[in-house]
Amino acid sequence: MNLLETARIAMRGLRANRLRSALTTLGIVIGVAAVIILVALGNGIQSGFNDIFGSLATQITVNPTQGSAPSGGRARDLTDADLEALQDSAKAPNVESVTPVVGGTGLLQLVGGGQYRTSIVGTTADYLEVNDRDLQVGRNFNESEVRTKAKVVILGPNPVNELFGGAPATALGKEIRIGRTIFRVIGVAEVSGQQDDVAIMPLGAARSYLLGGGDSLSSMIARADSVATVPAATEQITNILSARHGIREPAERDFNVQALQSLLDQSSQFLTFLTLFTGAVAGISLVVGSIGVANIMLVTVTERTREIGIRKAIGARRGVILQQFLLESMFLSGLGGLVGILIGVGASLAGAAVLPQLVPDFPPPVVSVGSVVLSFSISLLIGLVAGGYPANRAARLRPIEALRYQ
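Please read these numbers as outputs of a predicted model, since none were measured by experiment.

Details of the overall build of the protein
Counting secondary structure elements, the protein contains 14 helices and 12 strands. Here the protein holds 406 residues, and the buried ones make up 43% of them. When the accessible surface of the protein is summed, it comes to about 20400 Å², and 58% of that surface belongs to carbon and sulfur atoms.

Observations regarding the nonpolar core
Judged by nonpolar contacts, the single largest core of 42 residues is most densely connected at Val153, Leu155, Ile176 and Met220. Residues in contact with Leu155, not counting those within four places in the same chain, are Leu108, Val160, Phe164, Ile176, Val185, Gly187, Val188, Ala189, Val198 and Ala199.

Some thoughts on the packing of aromatic side chains
Two numbers describe a pair of aromatic rings. These are the distance of the centres and the angle of the planes. According to the stated counting rule, one finds 1 aromatic pair in the structure shown. Judged by centre distance (6.4 Å) and plane angle (80°), the ring pair of Phe183 and Tyr209 falls under edge-to-face. Pair noted here: Phe183 is in strand E8 (residues 181–189) and Tyr209 is in helix H8 (residues 203–211), with a separation of 26 residues, a long-range link. What makes Tyr209 partly exposed here is its relative accessible area of 32%. Over the ring of Tyr209 we find Lys151, and its NZ or CZ is 5.0 Å from the ring centre.

Overview of the pairing of strand E3 (residues 95–110)
Pairing between E3 and strand E11 (residues 219–224): 6 bridges, direction antiparallel. Of the residues in E11, the one forming a bridge with Ser97 is Arg223. The pairing of E3 with strand E4 (residues 115–123) spans 9 bridges and is classified as antiparallel. Each bridged residue has a counterpart across the sheet, and for Leu107 the counterpart in E4 is Arg117. In this antiparallel pair of consecutive strands, E3 and E4, the connection spans 4 residues, and Gly112 shows a positive phi of 70°. Across 3 bridges, E3 lies against strand E7 (residues 175–178) in antiparallel orientation.

Some points on the confidence of the model for the protein
Confidence in the prediction of the protein, expressed as mean pLDDT, is 81, and 86% of residues score 70 or more. Taken element by element, the predicted model of the protein shows its lowest mean pLDDT in helix H1 (residues 3–15) (60) and its highest in strand E6 (residues 152–155) (94).

Brief notes about the side chain of Asn94
Within the secondary structure, Asn94 is located in the loop between helix H3 (80–86) and E3. Given a relative accessible area of 17%, Asn94 falls into the buried group. Within the structure, the side chain of Asn94 is placed 2.7 Å from the side chain of Gln236, a separation counted as a polar contact. Residues within four places of Asn94 in sequence aside, it is in contact with Arg223, Ala224, Asp225, Thr229, Ala232, Ala233 and Gln236.

Comments concerning the pattern of salt bridges
As enumerated under the stated definition, the model contains 4 salt bridges in all. With its nearest N and O atoms 3.0 Å apart, the salt bridge here joins Asp196 to Arg133. One end of the pair, Asp196, is in the loop between E8 and strand E9 (198–202); the other, Arg133, is in the loop between helix H4 (127–130) and strand E5 (135–138), and 63 residues separate them in sequence. One exposure class covers both Asp196 and Arg133, and it is buried.

Re unusual backbone geometry
Phi is positive for Asp132, close to 55°, though the residue is something other than glycine. Relative accessible area serves as the criterion here: at 39%, Asp132 is assigned to the partly exposed category. A positive phi angle is found at Lys149, which is not glycine, with a value near 55°. Position of Lys149 among the secondary structure elements: in the loop between helix H5 (143–147) and E6. Judged by relative accessible area, which is 39%, Lys149 ranks as partly exposed.

A short note on helix H9 (residues 230–244)
Counted at 1.5 Å a residue, the expected span for H9 with its 15 residues is 21 Å, and the 21 Å between its end C-alpha atoms agrees. Within H9, the full set of buried residues consists of Val230, Ala233, Thr234, Gln236, Ile237, Thr238, Ile240, Leu241 and Ser242. Following H9 by one or two positions, Gly246 has its phi on the positive side, about 70°.

Thoughts on H8
What H8 keeps buried is the set Leu203, Gly204, Ala205, Ala206 and Arg207. Residue Gly212 follows H8 closely and has a positive phi angle near 65°.

With respect to the environment of Pro364
Mapped onto the fold, Pro364 is located in the loop between helix H12 (318–358) and helix H13 (369–395). For Pro364, a relative accessible area of 36% corresponds to the partly exposed category. For the pair Pro364 and Ser348, spaced 16 residues apart in sequence, the C-alpha to C-alpha distance is 8.4 Å. If we skip the residues at most four places from it in the chain, Pro364 touches Gly44, Ala352 and Pro356.

Some words on the environment of Ser192
Of note, Ser192 is situated in the loop between E8 and E9. The class of Ser192 is partly exposed, set by a relative accessible area of 41%. Each C-alpha atom of the pair Ser192 and Arg133 lies 7.7 Å from the other, and the pair is 59 residues apart in sequence.

Cut-offs used in this document
Residues numbered from 1 in each chain as written. Predicted model: local features only at pLDDT ≥ 70, side-chain atom pairs only at ≥ 80, totals over all residues. Heavy atoms only, no water. Helix = DSSP H or I, 4+ residues; strand = E, 2+ residues; numbered from the N terminus. Buried < 20%, exposed > 50% of the residue type's maximum accessible area, 1.4 Å probe, protein only. Areas by Shrake-Rupley, 256 points an atom, 1.4 Å probe, with all protein chains shown as cover. Core = buried A, V, L, I, M, F, W, Y, C linked by side-chain atoms within 4.5 Å. Contact = heavy atoms within 4.5 Å. Phe/Tyr/Trp six-rings, centres within 6.5 Å; stacked < 30°, edge-to-face > 60°. Lys NZ or Arg CZ within 6 Å of the ring centre and 35° of its normal. Pairing = 2+ DSSP bridges. pLDDT = per-residue confidence, 0-100. Polar contact = N/O pair within 3.5 Å; in protein donor to acceptor, adjacent residues only side chain to side chain. Salt bridge = Lys/Arg side-chain N within 4 Å of Asp/Glu carboxyl O. Expected span 1.5 Å × (residues − 1).

Written out as C-alpha cells, the structure reads:
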C-alpha cells in the first residue's frame, strides 16, 4: 500500500468524526493564533520604541557631580571652556556636536493674567534637533538670536495649558513676563511626556536676565557621528574633561558621562525578553492542544481496534498501520496550525490598521515570519509526538486480539 492510499484511509477516518476532529484542532488553532498575535504585539511595541528613541541613540549627556567630588574635594563646574574643548575635532574626532544647557526655574506671568512656575532651559539653536523635539506651532530661535541674547522663548505644552487654555496658536506671538523681563513666545513644543513643563530660550538671555552663573553650565549634550562610534566618543569626552579637571583616577571624576545608547540597549533587551515571555505563555495553549490530540488519537485507536485487526489479517504491515495513524494525527495538528496562522496573521494585520486609530500613538502589531514558521513547525511536531504513542500502539496490536475486541 503506497503513501497516497494510506493518506486516503486516514482522511476517511477523520471525516467519519468531523465534529470531534474539528474540536481537537481547536486547541492547536488557539495556540498558534495566540503565539502569532502576542509576538506581533511585542514586536510592534519594540518597533515603536525604536522609532521614538532610535534617533537619540548617538546622544551622550555630560553632567557635573552634585555636591562634593567622590575624592572628597569640591566638584568643579562644567564651563564654556570645557564645551569648546569638546568641540575641537582634533581632540574629539567622533564628537559631531556639543550643545550647552543651563537650567533653573522661573515664574511666567501674563500681563493682567495668570502665572505659572516652570523650568527654564537656556541653550543654543540645535537643542530641539539634538533632543528630537518638534514644534506644534511657531519656529525655533536661530544662532543670531543666541548671539544677541534675544528675549524670545519656546514654551512647553504644560505652560501653554495653564496660561493660554491649551491653545498653542493663541500663545504664539504673545509677550509674557519671566522674572523681571518680557519675553516673546515664538514657538510651542509638542507633547513628549518628558520636559513638557519647560520654557526654552537662548543661552545668553537665560544667563543675563534670569539665571546668572557666569560661564558655568548645568549640563552638555554631545552627539556622536554614528551609533558605532558612541563608545569612542564617550571615551574621548571623558579623557578631555579628565585632563581639564586634573582627574587622575576614575573615582575622582567630578562629572558623569552617560551614553543614551546603553540605556536604549537595556530597554530594548527588556522588551525582547518580554516578547519572548508572552510568546512562551501563549505556547502553553499549544501544549494543552497537544494533549487533546493525543487523547483523541487514543480514543480513535480504541474505537477502530477491529478495523485494525481486519487490515492486519489481510496482510497490512505494521509500518502501514503506524503511518496511517501518524498521518491522521499530523493532519489534525497541521490543519489547526494553518487555520491558526490565518487567524493570527489576519488579526495582527487588522490590529495594525485599526488600533492606531482607536488608541492614538498605539504601536501597530508587526507580524514576525519567524513566529509564523516556528508555531506551524511546533504544531506539526505536536502531531508527530502526540500521535506517536497511539499510532505505535495500533501498529503493535496482534490480529487475533484485535478481531476479538468488542
